[in-house]
Amino acid sequence: MTAFHAAHLATWTVAASAVTGVILRPWRMHEAVWAVAGAAALVLAGLVSWRNAGIAVGRGLDVYLFLAGMMLLSELARREGLFDFLAAHAVELAAGSPRRLFLLTYAIGTLVTVFMSNDATAVVLTPAVYAVARRAKADALPYLFACAFIANAASFVLPISNPANLVIFGTHMPPLLQWLGQFTLPSLLAVVATFAMHRRLEHGHLCRPIDSGIEIPTLSRSGALTGYGIALVAIALLLASFHGVALGPPTLLATSVVAAVVLFAKREAPWATLRHVSWGVLPLVAGLFVLVQGLQQTGAVSGLARLLQSAADASTAAAAWGAGIGLALACNLVNNLPMGLVAGTAVNATQVDPVVRGAIAIAIDLGPNLSVTGSLATILWLTAIRREGEDVTAWQFLRRGALVMPLALLAALAGLWLQAG
């Protein structure tokens, strides 16, 4: 074996080991440890130069700023009890009907995902839904699965709905109106199909009446301020997207202003809020950027780009459907964030039809609903429910995901093609 091929094999081995560590978390070590360790191994072994590693890390600046802002906003909402308040009102509106509560959980989860990202639904809404489901004496699992599924199904309604969208499109992010023109129908079909199939699967668990007389927590003045702040942040980001501005800087700026106003109103120092933000996500993403840089140097990314280009030149429809289905399945093998980085880098190096690029975005965002390892949001969701004393096995998730995801994916891809036509 030549030194050239040995270097490629070593790069793939390190990258595969790091991604496996991120997904499986051996010894319960944080996901970021494995991504950073893999990136460091590539650099120290001379497989990626320090310069290229630095360029790769810098390439993710917009993603880091977006994530930091959204994580800060999510933690602020959690501390102020905003999601507990919304979840308790959902139980009151359900009036003893588990089916109505199921629908309301999907509705709230959709709104949170659309305007605060899928990670907020996974990390902050999920514990609130679990708490009120238990107080209402309902079987919590159907509602917890609803949080997991809607976090991915609604994550391409807007560019801000999933950090993976920034990874896929990078500097090629479509302006808001163009995004809505392409993804409105696919998003609607994905959400409806996900809800309909999941409700059918949970039919037996949604028959017994639930308690409706639970205590509604009082929303404090700072909690109300947080709610108004979230609305203003969403408007600011929609305006930024409308004007084609990179989303990272305005996200961090707007959320920092909201946090400052809320904390000033409470006369509270920011340290407690900052301490509970999941900052480990940032080095995790940075490490993945370096790993993808290593794979790019092996020719894997350019090979994928050529494959996409040749498939699109032969048939746009076949390329869109093939990329959509293939990448949706691949996300569950390597997680959607590294897959999104690879696919995004590849597609940005080509001149494929926007429909193909749209199919890739749908695959990366929606495909992870197949398995518990499919996306970072789902892994965070699993961590959140384990903290509450619940657990879901890989088989339990797959048994539902194998029915929920394919139907929603096919519906979304069909909607993409119809809207493009």
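Up top is the structure these notes are about.
Residues numbered from 1 in each chain as written. Predicted model: local features only at pLDDT ≥ 70, side-chain atom pairs only at ≥ 80, totals over all residues. Heavy atoms only, no water.

S.K.: Could you clarify how one ought to interpret the environment of Thr345 in this entry?
M.R.: With respect to the secondary-structure elements, Thr345 resides in helix 17 (residues 336-348). For Thr345, a relative accessible area of 25% translates into the label partly exposed. A C-alpha to C-alpha distance of 24 Å links Thr345 and Thr184, two positions 161 residues apart in sequence. Apart from the residues lying within four places of it in its own chain, the contact partners of Thr345 are Val292, Gln296 and Val301. In terms of polar contacts, Thr345 uses its side chain to reach the backbone carbonyl oxygen of Leu341, at 2.7 Å. (Helix = DSSP H or I, 4+ residues; strand = E, 2+ residues; numbered from the N terminus. Buried < 20%, exposed > 50% of the residue type's maximum accessible area, 1.4 Å probe, protein only. Contact = heavy atoms within 4.5 Å. Polar contact = N/O pair within 3.5 Å; in protein donor to acceptor, adjacent residues only side chain to side chain.)

S.K.: Explain the nonpolar core to me, please; I cannot follow it from the model alone.
M.R.: Soluble globular proteins tend to pack their nonpolar side chains together in the buried interior. With 147 residues, the main nonpolar core has Ile360, Ile362, Leu366 and Trp381 as its most contacted residues. Those residues in contact with Trp381, other than ones at most four positions away along the chain, are Ala122, Thr126, Leu144, Phe145, Cys147, Ala148, Val392 and Phe397. (Core = buried A, V, L, I, M, F, W, Y, C linked by side-chain atoms within 4.5 Å.)

S.K.: What is the right way to read the pattern of salt bridges from this model?
M.R.: Applying the stated criterion across every chain, the model contains 8 salt bridges. Here Glu75 makes a salt bridge to Arg78, at a shortest N to O gap of 2.7 Å. Note that Glu75 and Arg78 are positioned in helix 4 (residues 61-79) at a spacing of 3 residues, about one turn of the helix. By relative accessible area, which is 7% here, Glu75 ends up buried. In this structure, the salt-bridge partner of Lys266 is Glu268, at a minimum N-O distance of 3.2 Å. The exposure class of Lys266 is partly exposed, given its relative accessible area of 31%. Residue class for Glu268 comes out partly exposed when judged on its relative accessible area of 26%. (Salt bridge = Lys/Arg side-chain N within 4 Å of Asp/Glu carboxyl O.)

S.K.: Looking at this structure, how should I read the side chain of Arg400?
M.R.: Relative to the assigned elements, Arg400 resides in helix 20 (residues 394-420). In this structure Arg400 touches Phe145, Phe149, Leu201 and Glu202, once residues within four positions along its chain are discounted.

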